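Each chain, written out:
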Amino acid sequence: MSNPDDETSDPRGPATRAVQGGRQPEWTRMPGQPGAIVNPPVWRASTILYDDVAHLRAALTDQHQRLFYGRKGTPTSWALADALTEMEPGAAGTMLFPSGVAAISCALMAVLKPGDQLLMVDSAYDPTRTFCEKILRPMGIDTLYYDPTVGEGIAAIITDRTRAIFLESPGSLTFEVQDVPAITAIAKARGIVTLIDNTWATPLFFPALAHGVDISILACTKYIVGHSDSMAGSVTANAEMWKAIQSTAYLFGQMLGPDDAWLALRGLRTLPSRLTQHQKSALAVAQWLDEQPAVARVLHPALPGSPGHALWQRDFTGSTGLFTFVLNGGDDKARAALIDGLAHFGIGYSWGGFESLALPVDPQRFRSATQWIAEGPAIRLHIGLEDTQDLIDDLAAGLARFQENQK
Ligand SMILES: *Cc1c(COP(=O)(O)O)cnc(C)c1O
């Protein structure tokens, strides 16, 4: 576990690292010319031309961040990978993927082998669960789902076959914050690898490796890209797991195209200021919703009463724009009336862009270790960068439509 005081740690703050990461002079300067461009450009390649046969042979020995073959990347993807590594204290390296799901599946394949058992948080992103059932289980790797609030209780469900524990904090749709330090300490003592889907907080608000996690995964599609126009995933690992992640990604032929890498790197530069605003606006909307009689509960880690709120206060340095609220009574039709009439919220899955979104969610369909019991239907919101008052007015009219349709 790295800590902010050890001598290998970077003295720069996280926002400075987001602005400066991956801008190596050899990727921003032209040989023989003074001056530099700010952001590494898009380098597109399949073939790499070698200077001579001796160079071709020599290149075989170290292909990491060297021009070798298009699949091993170009300076555009190396710059993004390096910048993400710099965002994560304690990291040895980052591999890039064409989507968040590709990053999750490859990280699991790097760690697990037939006969192993995986402990998976019950509030995991649904396609993560589906990967465990449709790909891992037929390979002889079984998944046991655990309560996101288990904390130290994880020790009781570990068996001799447990090879890895997968966390997602806060959880998808229901936003339970996990006791990451407690779980990773127990895992370390038993030689078990821990992985986390850190898409919601990003390393800016939750440096996962510094909290004891071995492998941190991001759907860069969300806040890193930040503009809803590109898809990408990343896996950042500590020194123990880095070689396994790197070789598994290479063996599966996984990579991120240079145009998407460039868009993600461009997004990363403004991540700190975007997240600051998403945080502020989402909190204002969540607090307003919490006071409305038509709303039974707001599941937002920064609100007291949300599951794991004290852990969020202890471990996170911020909250982002995605949360869920539960309606008081009502049915699917009343919920649809609320959502369908919204003027400023799109209806869509992939959050993390500058725009607001509303989505009907039914967590009971994706839970097996725990039960989802709610006062009414639920809606997940992504609060974008619009004027907060416009969003609140829109939701107020939506709640009136909900109540009208409830009668
Ligand atoms: C969207 C999402 C993913 C998957 O990312 P894609 O790039 O869409 O494949 C993984 N985890 C979480 C928590 C997500 O919200």
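Each chain carries its own residue numbering, running from 1 in the direction its sequence is written. A pLDDT threshold of at least 70 governs which residues receive local features in this predicted model, and a stricter bar of 80 or more applies before side-chain atom pairs are shown or counted, although totals over entire chains, interfaces and linings include all residues. To get the side-chain values, all heavy atoms of the structure are used, and hydrogens and water are removed first.

As a reminder of what qualifies: UniProt positions are given in the numbering used here, feature names are shortened, and annotations may be inferred rather than shown by experiment.
Going by what an unreviewed UniProt entry lists, the protein is known as Cystathionine beta-lyase and is assigned to Sphingobium subterraneum. UniProt's Pathway (unreviewed entry) comment on the protein is quoted here verbatim: "Amino-acid biosynthesis; L-methionine biosynthesis via de novo pathway; L-homocysteine from L-cystathionine: step 1/1."

### A closer look at the sheet that holds strand 7 (residues 233–237)
Counted only if it meets this: Paired strands, as defined in this entry, are two strands with at least two bridges between them according to DSSP. By the criteria applied, helices consist of DSSP H or I runs no shorter than four residues and strands consist of E runs no shorter than two, each listed in order from the N terminus. Simply put, an axis is a line fit to the C-alpha atoms, just over the touching stretch for a helix, and the angle between two N-to-C directions goes from 0 to 180 degrees. Pairs of residues are marked as contacts when any of their non-hydrogen atoms sit within 4.5 Å.
The 7 strands are arranged 1-7-6-5-4-2-3 in an open sheet whose pairing can be described as mixed. In this open sheet, the two strands that pair with only one neighbour each are strand 1 (93–97) and strand 3 (142–146). Adjacent strand axes in the sheet meet at a mean angle of 20° when their direction is disregarded. Across 5 bridges, strand 1 lies against strand 7 in antiparallel orientation. Bridge pairing in strand 7 places Thr-94 opposite Thr-236. Across the sheet, helix 6 (residues 126–136) is in contact with strand 2 (117–121), strand 3 and strand 4 (162–168); its angle to strand 3 comes to roughly 155°. Across the sheet, helix 9 (residues 239–251) is in contact with strand 1, strand 5 (193–197), strand 6 (215–219) and strand 7; its angle to strand 1 comes to roughly 25°.

### Things to note about the site of the ligand
For clarity, the cut-off: Consider each residue's heavy atoms; a residue with any of them within 4 Å of a molecule or strand counts as near. The definition of a polar contact used here is a pair of N or O atoms within 3.5 Å, where within protein one atom must be able to donate a hydrogen and the other to accept one, and adjacent residues in sequence count solely through side-chain atom pairs. Every accessible area reported is derived by Shrake-Rupley at a probe size of 1.4 Å, with residue values counting cover from the shown protein chains alone.
Residues in contact with the ligand amount to 14 residues; listed here are only the nearest, Gly-100, Val-101, Asp-197, Thr-221 and Lys-222. Within the side chain of Thr-221, a nitrogen or oxygen atom sits 2.6 Å from an oxygen atom of the ligand. For the ligand, an oxygen atom lies 3.2 Å from a polar atom in the side chain of Trp-351. Coverage of the ligand by the protein amounts to 91% of the 380 Å² it exposes when considered alone.

### Some remarks on the layout of surface pockets
Sizing a probe to match a water molecule and rolling it over the atoms shows the empty space that remains. Quick note on the threshold: Note on definitions: the grid is 1 Å and covers protein atoms alone; a cavity is a set of points where a 1.4 Å probe fits but cannot get out; a pocket is an open set with protein on both sides within 12 Å along at least five of seven lines; lining residues have an atom within 4 Å of a point. Grid points are joined across faces, edges and corners, and a volume is the space filled by probe spheres set on the points. Residues are grouped as follows: nonpolar covers Ala, Val, Leu, Ile, Met, Phe, Trp, Tyr, Cys and Pro; charged covers Asp, Glu, Lys and Arg; every other residue, Gly included, is treated as polar. A domain assignment, automatic or from a database, supplies the domain bounds used here.
Taken as a whole, the largest pocket spans an internal volume of roughly 720 Å³. Elements represented by at least two residues in the lining of the largest pocket include exactly helix 5 (100–111), helix 6, strand 6 and strand 10 (357–361). Residue composition of the lining of the largest pocket, by class: 20 nonpolar, 8 polar and 8 charged. Each of two domains, domain 1 (14–269) and domain 2 (272–405), supplies a minimum of three residues to the lining of the largest pocket.

### Side note on the nonpolar core
Put simply, the test is: To define a nonpolar core, start from buried Ala, Val, Leu, Ile, Met, Phe, Trp, Tyr and Cys residues and group those joined through side-chain atoms within 4.5 Å. Burial status follows relative accessibility: with a 1.4 Å probe on protein chains alone, a residue under 20% of its type maximum counts as buried, one over 50% as exposed, and anything between as partly exposed.
By size, the foremost hydrophobic cluster in this structure holds 91 residues, and its most contacted members are Leu-108, Leu-118, Ile-165, Leu-195, Ile-215 and Ile-217. For this core, the element with the most residues is helix 5, which contributes 8 residues. Not counting residues within four places of it along the chain, the set of residues in contact with Ile-165 comprises Leu-119, Tyr-146, Ile-154, Ile-158, Ile-183, Ala-187, Ile-192, Val-193, Thr-194 and Leu-195. Ranked by size, the runner-up nonpolar core spans 26 residues in total, among them Phe-323, Phe-325, Phe-345 and Phe-402.

### Thoughts on the packing of helix 10 (residues 258–269) against helix 11 (residues 271–290)
Where helix 10 meets helix 11, the axes come as close as 5 Å, and the angle between the chain directions of the two elements is 60°. Residue-level contacts link Gly-267, Leu-268 and Arg-269 of helix 10 to Leu-271, Pro-272 and Arg-274 of helix 11. Here the residues of the contact of helix 10 with helix 11 are counted per class, giving 3 nonpolar, 1 polar and 2 charged.

### Quick notes on the UniProt feature "modified residue: N6-(pyridoxal phosphate)lysine" (unreviewed entry) in the protein
The positions that UniProt labels "modified residue: N6-(pyridoxal phosphate)lysine" (unreviewed entry) are, in the present scheme, Lys-222. Look past the residues within four positions of Lys-222 in its chain and what remains in contact with it is Thr-199, Ser-350, Trp-351 and Gly-352.

### Observations concerning unusual backbone geometry
The step from Ser-169 to Pro-170 runs through a cis peptide bond, and the omega angle for that step is -5°. Examined against the element boundaries, Pro-170 turns out to sit in the loop between strand 4 and helix 7 (180–189). Positive phi is not limited to glycine here, since Gln-65 has a value of about 55°. Topologically, Gln-65 is positioned in the loop between helix 3 (53–59) and helix 4 (75–87). You can call Gln-65 partly exposed: its relative accessible area is 23%. Despite not being glycine, Phe-175 shows a phi value in the positive range, around 60°.

### Observations regarding the side chain of Asp-214
Checked against the element boundaries, Asp-214 lands in the loop between helix 8 (202–205) and strand 6. Among the polar contacts listed, one links the side chain of Asp-214 to the backbone nitrogen of Thr-194, at a separation of 3.0 Å. Within the structure, the side chain of Asp-214 is placed 2.8 Å from the side chain of Asn-238, a separation counted as a polar contact. When residues no more than four places from it in sequence are discounted, the contact partners of Asp-214 are Lys-188, Ile-192, Val-193, Thr-194, Leu-209, Thr-236, Ala-237, Asn-238, Glu-240 and Met-241.

### Structural notes on the sheet that holds strand 9 (residues 322–327)
Strand order in this open sheet of 4 strands is 8-9-11-10, and the pairing throughout is antiparallel. Each having just a single partner strand, strand 8 (295–299) and strand 10 make up the two edges of the open sheet. Between one strand axis and the next, the sheet turns through 25° on average, direction left out of account. Both strand 8 and strand 9 contribute to a ladder of 4 bridges, which runs antiparallel. Counterpart to Val-295 in the pairing with strand 9 is Leu-327. Relative to the sheet, helix 11 contacts strand 8, strand 9 and strand 11 (378–382), its axis offset from that of strand 9 by approximately 10°.

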